[in-house]
Amino acid sequence: FPRPLRDNLRYFLLALALFVLPGLIVGGLCMSDEYFIYSVLDDYTVAEMEEMYDPGNDKVGRESGRSAETDFTMFGFYIYNNIGIGFRTFALGILAGIGTVFILMFNGVVIGGGAGHLTRIGYTDTFWPFVSGHGSLELTAIVISGAAGLMVGHALLAPGQYRRLDALKIRGRVALKLAMGAALMLLGAAFIEAFWSSSGFPNGVKYTVAAILWTLVIAYFSFAGRRYYGSR
């Protein structure tokens, strides 16, 4: 899984830019302008998001209708939601990559806008500790799914010396490996989100765990597989 990602790093970096840059821009605008969030999300979604991360919420990070649901029930919900996003990001690459580009930018705008707005209204002690734990797996997996979708789209747009169908088969095999690996990461992110992110552990502990997880993810994709498969 890490080796084909390193071998196709340009797709990952492009997907990362498409995801992160819109998020940073919109997040910054939402932090500086209290009304800009309503250009990104509707009133109901903004209100629901604020309720989820309200410091007075008994179960931070959950919608009002799901606050009483068990962690195991939420685990199933997060699996459905997260893997659905990852699959769409990958599968829509078949539309010459345009669908993948849209999904990456859309999710970047929504996530960045939400983060900027919640930071501006002072929900930093609830929002950031909640998302920091599972963010390493979830956000990285979304970008990897985007990289896989861009590979599929590129095979259709620029097949090189191959026929488009042959190019799609060749690159598609590698893209599928990346998408399957990303799906496993999203499964892990769902587990952390359900059983850890909403727990009552102190924020310092949550940030420490988040730092460890980010370090492990970066180290895994940087070094795993080098010993047996060469230096790439």
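Before any of the text, the structure's been laid out above.
Our subject in this report is the structure included herewith.

Observations regarding the overall build of the chain
Logical step 1: The secondary structure content of the chain amounts to nine helices and zero strands.
Logical step 2: The secondary structure elements of the chain, listed N-terminal to C-terminal, are α-α-α-α-α-α-α-α-α.
Logical step 3: Relative to the compact-globule value of 17 Å for 232 residues, the chain shows a C-alpha radius of gyration of 19 Å, a close match.
Logical step 4: In terms of overall dimensions, the chain has a C-alpha envelope of 60 × 40 × 30 Å along the principal axes.
Logical step 5: Looking at the chain as a whole, 44% of its 232 residues qualify as buried.
Logical step 6: At a minimum sequence separation of 6, the contacts of the chain that also span at least 24 residues come to 76%.
Logical step 7: About 12100 Å² of surface is accessible on the chain, with carbon and sulfur atoms providing 67% of the total.
Logical step 8: Across the chain, the mean location of the 18 positive side-chain charges is 24 Å away from that of the 17 negative side-chain charges.

Considerations on a nonpolar patch on the surface
Logical step 1: Side chains of Leu9, Leu13, Leu16, Val20, Leu21 and Leu24 sit close together on the surface and give an oily, nonpolar patch of about 500 Å² of accessible area.
Logical step 2: Examined against the element boundaries, leucine 13 turns out to sit in helix 2 (residues 9-32).

Considering the pattern of salt bridges
Logical step 1: Per the stated rule, a full pass over the model turns up two salt bridges.
Logical step 2: For arginine 3, the salt bridge goes to aspartate 7, with nearest N and O atoms at 3.9 Å. Of this pair, arginine 3 and aspartate 7 both sit in helix 1 (residues 2-7), four residues apart, which is roughly one turn of the helix.
Logical step 3: In this structure, the salt-bridge partner of arginine 163 is aspartate 166, at a minimum N-O distance of 3.1 Å.
Logical step 4: Arginine 163 gets classed as exposed once you look at its relative accessible area, which sits at 60%.

Points about the side chain of lysine 206
Logical step 1: Positionally, lysine 206 belongs in helix 8 (residues 203-223).
Logical step 2: Under the relative-accessibility criterion, lysine 206 is labelled buried at 5%.
Logical step 3: Dropping the residues within four chain positions of it, lysine 206 is found in contact with Pro129, Ser132, Trp196, Ser197, Ser198, Ser199 and Phe201.

Overview of the packing of aromatic side chains
Logical step 1: Across all of its chains, the model carries 11 aromatic pairs by this definition.
Logical step 2: Both rings, one in phenylalanine 1 and one in phenylalanine 221, keep their centres 5.2 Å apart while their planes meet at 80 degrees; by these two values the pair is edge-to-face. Taken together, the residues phenylalanine 1 in the segment before helix 1 and phenylalanine 221 in helix 8 connect sequence positions 220 residues apart.
Logical step 3: For the pair phenylalanine 191 and phenylalanine 195, a centre-to-centre distance of 4.8 Å together with 45 degrees between the ring planes defines the contact as tilted.

Examining the environment of arginine 164
Logical step 1: Inspection of the secondary structure puts arginine 164 in helix 7 (residues 164-197).
Logical step 2: Linking arginine 164 and histidine 154, residues 10 residues apart in sequence, is a C-alpha distance of 9.9 Å.
Logical step 3: Sequence-distant contacts of arginine 164, that is, excluding residues within four places in its chain, are made with Ala155, Leu156, Leu157 and Pro159.

Considerations on helix 5 (residues 98-120)
Along an α-helix, residues three or four positions apart point the same way, because every turn accommodates 3.6 residues.
Logical step 1: In this model helix 5 runs 33 Å from its N-terminal to its C-terminal C-alpha over 23 residues, within 8% of the 33 Å that 1.5 Å per residue would give.
Logical step 2: Just past helix 5, the residue glycine 122 takes up positive phi, approximately 90 degrees.

Observations regarding unusual backbone geometry
Logical step 1: Here alanine 96, not a glycine, exhibits a phi torsion of approximately 55 degrees, which is positive.
Logical step 2: With respect to the helices and strands, alanine 96 occurs in the loop between helix 4 (71-91) and helix 5.

Comments concerning the side chain of asparagine 107
Logical step 1: Looking at the secondary structure, you find asparagine 107 in helix 5.
Logical step 2: Since its relative accessible area comes to 12%, asparagine 107 is described here as buried.
Logical step 3: The contacts of asparagine 107, once residues within four sequence positions are left out, are Phe19, Ile85 and Gly112.

Cut-off values and rules
- Residues numbered from 1 in each chain as written.
- Predicted model: local features only at pLDDT ≥ 70, side-chain atom pairs only at ≥ 80, totals over all residues.
- Heavy atoms only, no water.
- Helix = DSSP H or I, 4+ residues; strand = E, 2+ residues; numbered from the N terminus.
- Rg over C-alpha atoms; globule rule 2.2 N^0.38 Å.
- Buried < 20%, exposed > 50% of the residue type's maximum accessible area, 1.4 Å probe, protein only.
- Contact = heavy atoms within 4.5 Å.
- Areas by Shrake-Rupley, 256 points an atom, 1.4 Å probe, with all protein chains shown as cover.
- Lys, Arg positive; Asp, Glu negative; His and termini not counted.
- Charge placed at Lys NZ, Arg CZ, Asp CG, Glu CD.
- Patch = residues over 30% accessible without salt bridge, like charges linked within 9 Å, V, L, I, M, F, W, Y side chains within 5 Å.
- Salt bridge = Lys/Arg side-chain N within 4 Å of Asp/Glu carboxyl O.
- Phe/Tyr/Trp six-rings, centres within 6.5 Å; stacked < 30°, edge-to-face > 60°.
- Expected span 1.5 Å × (residues − 1).

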